[in-house]
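Below are the chains, spelled out letter by letter.
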Amino acid sequence: MKPVEWLGDSLARLREFPREAMREAGYQLERVQDGREPKDWKPMTSIGPGVQELRVRMEGAFRVIYVAKFAEAVYVLHAFQKKAKSGIKTPMKEMAMVRERLRRAAEDYEHWKAAQRGEKK
């Protein structure tokens, strides 16, 4: 099972979800850690390859954006409550932040790969 790496304030934001929504998000992330798909998700190709949005619909609409394509971990890039109506896109400022966190996850993965090969970076 892959560990979860929480980038930025993503864990703190997830902990702000209502109790049942937080538990469901945690369960779905555990499925991802185990190599399975979450129950409700969609690809976020506009952010980058392999980025997915886990959707939780309990006591509102909640989202967890993550990338699981790296061998060493599932990186949670962002967690938030969706307040806009269906069809409204995530604000550009938040998208830029998620892209930056994806870049950091990719760098972390490169360091991990180098360490596996015994290289110093």
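Use the structure listed above.
Quick caveat, the model's predicted, so the values are computed rather than measured.

Peer 1: Describe the overall build of the protein, listing the residues and the values that go with them.
Peer 2: Helices and strands together make up the secondary structure of the protein, namely 3 helices and 5 strands. Helices and strands in the protein line up, N terminus first, as β-α-α-β-β-β-β-α. For the protein, whose C-alpha radius of gyration is 14 Å, the value lies close to the compact-globule estimate of 14 Å for 121 residues. The buried share among the 121 residues of the protein stands at 37%. Of the roughly 7,300 Å² that the protein leaves accessible, carbon and sulfur atoms contribute 50%. Computing the positive centroid from 26 side-chain charges and the negative centroid from 18, the protein places the two 4 Å apart.

Peer 1: Outline the sheet that holds strand β4 (residues 61-67), supporting the account with residue identities and numerical values.
Peer 2: Spatially, the 5 strands line up as an open sheet ordered β1-β5-β4-β3-β2, and their pairing is mixed. Here the strands that pair on one side only, and so sit at the sheet edges, are β1 (4-6) and β2 (41-43). Pairwise comparison of adjacent strand axes, ignoring direction, gives a mean angle of 30 degrees for this sheet. In the sheet, β1 pairs with strand β5 (residues 74-82) via 3 bridges, with the strands oriented parallel. Residue pairing for β5: Glu 5 is matched across the bridge by Tyr 75. In the packing of helix α2 (residues 19-33) onto the sheet, the strands contacted are β1, β3 (51-57), β4 and β5, and the crossing angle to β3 comes to about 145 degrees. Where helix α3 (residues 92-116) meets the sheet, its contacts fall on β3, β4 and β5, and the angle it forms with β5 comes to roughly 165 degrees.

Peer 1: Please set out the side chain of Arg 63 residue by residue, giving values where relevant.
Peer 2: Topologically, Arg 63 is positioned in strand β4. Judged by relative accessible area, Arg 63 falls into the buried class, the value being 5%. In this view, Arg 63 contacts Phe 17, Glu 53, Leu 54, Arg 55, Val 56, Arg 57, His 78, Ala 79, Phe 80 and Lys 82; residues no more than four positions away in its chain are not counted.

Peer 1: Just give me the short version of α3, but keep the residues and values in it.
Peer 2: Look at α3: 36 Å from first C-alpha to last across 25 residues, which is about the 36 Å you get at 1.5 Å a residue. Residues Met 95, Val 98, Arg 101, Leu 102, Ala 105, Tyr 109 and Ala 114 constitute the buried set of α3. Where α3 is buried, its residues touch α1 (10-14), β3, β4 and β5. In the stretch just after α3, Gly 118 is the one whose phi turns positive, near 85 degrees.

Peer 1: Can you tell me about α2, naming the residues and giving the values?
Peer 2: Taking 1.5 Å of rise per residue, 15 residues should cover 21 Å, and α2 covers 21 Å from first to last C-alpha, within 8% of that figure. Buried residues belonging to α2 abut β1, α1, β3, β4 and β5. The first or second residue beyond α2 is Gly 35, which carries a positive phi of 85 degrees.

Peer 1: I'd love a proper account of the packing of aromatic side chains, names of residues and values included.
Peer 2: What the rule picks out here adds up to 4 aromatic pairs. Clustering of aromatic rings is evident, with ring pairs tying together Phe 70, Tyr 75, Tyr 109 and Trp 112.

Criteria and thresholds
Residues numbered from 1 in each chain as written. Predicted model: local features only at pLDDT ≥ 70, side-chain atom pairs only at ≥ 80, totals over all residues. Heavy atoms only, no water. Helix = DSSP H or I, 4+ residues; strand = E, 2+ residues; numbered from the N terminus. Rg over C-alpha atoms; globule rule 2.2 N^0.38 Å. Buried < 20%, exposed > 50% of the residue type's maximum accessible area, 1.4 Å probe, protein only. Areas by Shrake-Rupley, 256 points an atom, 1.4 Å probe, with all protein chains shown as cover. Lys, Arg positive; Asp, Glu negative; His and termini not counted. Charge placed at Lys NZ, Arg CZ, Asp CG, Glu CD. Pairing = 2+ DSSP bridges. Axes fitted to C-alpha atoms, helices over the stretch in contact; angles between N-to-C directions. Contact = heavy atoms within 4.5 Å. Expected span 1.5 Å × (residues − 1). Phe/Tyr/Trp six-rings, centres within 6.5 Å; stacked < 30°, edge-to-face > 60°.

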